[in-house]
Amino acid sequence: MAILHDYYSFNVLRPLLASQKVTVTEVVTKLLQHVQEQKDLNAFVNVYAQEILTKSYAINQKIQQAKGGALAGMVIGLKDMICYKDHPLQAGSKILTNYISPFHATVTERLLSADALIIGHQNCDEFGMGSSSENAYFGTVLNPLDKTRVAGGSSGGSAAAVKAKMCHIAIGTDTGGSVRQPAAFCGLVGFKPSYGSISRHGIVAYASSFDTVGILAHTVEDCASVLEVIAGPDDFDDTVPSQKVPYDGRTLHKSERYKIAYLAETLTNDDLQLEIRSHTISSLELLKKKGHQVDSVDFALLKYALPTYYMLANAEASTNFARFDGIRYGYRSSHATTLEEVYTKTRTEGFAREVKKRIMLGAFVLSASQCETHYIKAMKVRNLIKKALQEILSSYDFIILPTTTATAFRVNSFTHSPLSMYGSDLYTVLASVAGLPAISLPNGVDQKNLPIGIQIIGSYFEEEKLLTFARYFESMHI
């Protein structure tokens, strides 16, 4: 088992599995051991231990016969918002208690078809609403690097599980930064592709025009391997392009000169942690030294990105969440005596405070008296942000900015000021508002040895180019 020292990176593990120097069952056993040993992180809500062990024998046999799929032997965790047929799904909420998914999400189906192994469902903020994974019905997720701090949100359980070597990859959802922010807090790669690159069929909806399936991994190469499998057309999701965008992992090792823009306002923000600023500037200087063009670009619309995102996302959530009524599935209040009480009491008891707050805000924004003033205006600002970012990317290959304004904060830091936590999404919501692909990469650590993330934004459906540059950036820091 000594050879398993590199088992956490699948692309390192792959040739070992092919040569039978290690078996899938040995790898799965080791990962399950880590899950058991680190239960206090609260990363998982359900672990399918016996099921994955049983499947590991069959996958190992397929590898021996050279018949394994593209991800044969890869162990993957699913955020508790992704359907896995005949398995429980709660989206971190009481209101989906006892719900068993009757079908696979498209993502899940494609992973299984490629012979990946699903180890379990991972903890998250309720319905993806949060920046710390403290709003979860199953309790707070802790950061594996410092258990007094959060793992980030909303895909905090997914990030914690990958960092703690409980799985090779985790599939999360990124609505406003929910994969990239926890990746930054835990020192991982967090990738959000272009909106529509990956089918959302079977993903619990939060804000439908923002929701994107994302990938958490140790390396860019592992992200690319998964993207090749799960991206592409799907008859169940009309937002996905009818033709598959090509991804070729072999291009990851190309080397060329790029034109890079960084947003001046992101580095002059008073709330930006000084160490994040200095590490970001150092990386930009290093790129300059290596021959890339790096220019400062003004982006006056930055201050409007966060309110625009929360206005629109909450409006969409208030509509999407009307389906949770206690009638068809999930939790139903036992205190209701009339049909109206079934609705009101089920939703009152089933949703936690943060979700209720966002539903109410969304309903207010969409109300007849406020729709023109708030919702329509936010849509117009969204279009302005999209156009401004596209204009920059018409002259530059990439935009670079910090992933977060601060490193992982302590648990309960924002108990008395929950709105202040929204500020941690400031730099991630830009790509989400515009629907652009973005990736967060480790970029050193602060004085407390907490990871710092740097974010790279690319052009629509140019994931291959973005991942190639991300791999290059990654190699600069190895």
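Located above this text is the structure these notes cover.
Since we're looking at a predicted model, the values are computed, not measured.

**Some details on the overall build of the chain**
Assigned secondary structure in the chain consists of 16 helices and 13 strands. On C-alpha atoms alone, the chain measures out to a radius of gyration of 21 Å, which is about the 23 Å that the 2.2 N^0.38 rule sets for 478 residues. Principal axes of the C-alpha set define a box for the chain whose edges measure 65 × 55 × 45 Å. Working note: accessible area of the chain is about 18,700 Å², and carbon and sulfur atoms make up 53% of it.

**What about the pairing of strand β9 (residues 259-263)?**
Taking burial as the measure, the five residues of β9 include four buried ones, the bulk of the element. In the sheet, β9 pairs with strand β10 (residues 293-297) via five bridges, with the strands oriented parallel. For Tyr 262, the partnering residue across the bridge sits in β10 and is Ser 296.

**Thoughts on the nonpolar core**
Counting residues in hydrophobic clusters, the biggest one holds 145 residues, and the most contacted among them are Leu 111, Phe 127, Ile 171, Ile 230 and Ile 439. If you tally residues by element for this core, the top one is helix α10 (residues 302-320), at nine residues. Counting five residues, the second largest nonpolar core, distinct from the first, contains Val 150, Phe 185, Ala 408 and Phe 409.

**Details of unusual backbone geometry**
Geometrically, the link from Gly 153 to Ser 154 is a cis peptide bond, its omega value of 5° lying close to zero. Tracing the chain through its elements places Ser 154 in the loop between β5 (146-150) and α5 (156-163). Here the phi dihedral of Asn 42 falls at roughly 60°; this positive angle occurs in a residue that is not glycine.

**Description of the environment of Gln 50**
Along the polypeptide, Gln 50 turns up in helix α3 (residues 49-64). For the pair Gln 50 and Tyr 329, spaced 279 residues apart in the sequence, the C-alpha separation amounts to 27 Å.

**Digging into a nonpolar patch on the surface**
On the surface, a nonpolar cluster with roughly 270 Å² of combined accessible area is contributed by Ile 327, Leu 339 and Tyr 343. Classification of Leu 339 by relative accessible area gives exposed; the value is 53%.

**Digging into the pattern of salt bridges**
For the structure shown, the criterion picks out 12 salt bridges. Between Asp 146 and Arg 149 there is a salt bridge, with the nearest N and O atoms lying 3.0 Å from each other. A salt bridge links Glu 474 to Arg 471; the shortest N-O distance between them is 3.6 Å. On the criterion of helical spacing, the pair formed by Glu 474 and Arg 471 is a turn pair, its members being three residues apart in helix α16 (residues 463-476). Relative accessible area serves as the criterion here: at 16%, Glu 474 is assigned to the buried category. Residues joined in a network through salt bridges with shared partners are Glu 354, Lys 357 and Arg 358.

**Overview of the packing of helix α2 (residues 24-37) against α3**
Put simply, α2 and α3 touch, their axes get as near as 8 Å, and they point 155° apart. Classified by the angle between their axes, α2 and α3 sit roughly antiparallel to one another. Crossing handedness for the pair α2 and α3: right-handed. Together, Val 24, Thr 25, Val 28, Thr 29 and Leu 32 of α2 and Ala 49, Ile 52, Leu 53, Ser 56, Tyr 57, Ile 59, Asn 60 and Ile 63 of α3 make up the contact between the two elements. The residue inventory of the contact of α2 with α3, partitioned by class, reads nine nonpolar, four polar and no charged.

**Considerations on helix α9 (residues 274-289)**
Helix length check: α9 (16 residues) gives 23 Å between terminal C-alpha atoms against 22 Å at 1.5 Å per residue, within 8%. For α9, the set of buried residues is Ile 276, Thr 280, Ser 283, Leu 284 and Leu 287. Projected onto a plane normal to the axis of α9, the buried residues spread over an arc of 100° and lie on a single side. In α9, those exposed residues whose orientation departs by more than 90 degrees from the buried face are Leu 274 and Lys 289. In the stretch just after α9, Gly 291 is the one whose phi turns positive, near 100°.

The rules behind each value
Residues numbered from 1 in each chain as written. Predicted model: local features only at pLDDT ≥ 70, side-chain atom pairs only at ≥ 80, totals over all residues. Heavy atoms only, no water. Helix = DSSP H or I, 4+ residues; strand = E, 2+ residues; numbered from the N terminus. Rg over C-alpha atoms; globule rule 2.2 N^0.38 Å. Areas by Shrake-Rupley, 256 points an atom, 1.4 Å probe, with all protein chains shown as cover. Buried < 20%, exposed > 50% of the residue type's maximum accessible area, 1.4 Å probe, protein only. Pairing = 2+ DSSP bridges. Core = buried A, V, L, I, M, F, W, Y, C linked by side-chain atoms within 4.5 Å. Patch = residues over 30% accessible without salt bridge, like charges linked within 9 Å, V, L, I, M, F, W, Y side chains within 5 Å. Salt bridge = Lys/Arg side-chain N within 4 Å of Asp/Glu carboxyl O. Axes fitted to C-alpha atoms, helices over the stretch in contact; angles between N-to-C directions. Parallel < 35°, antiparallel > 145°, perpendicular 65-115°, else oblique. Left-handed = near helix turned anticlockwise from the far one by under 90°. Contact = heavy atoms within 4.5 Å. Nonpolar A, V, L, I, M, F, W, Y, C, P; charged D, E, K, R; others polar. Expected span 1.5 Å × (residues − 1). Arc of directions from axis to C-beta.

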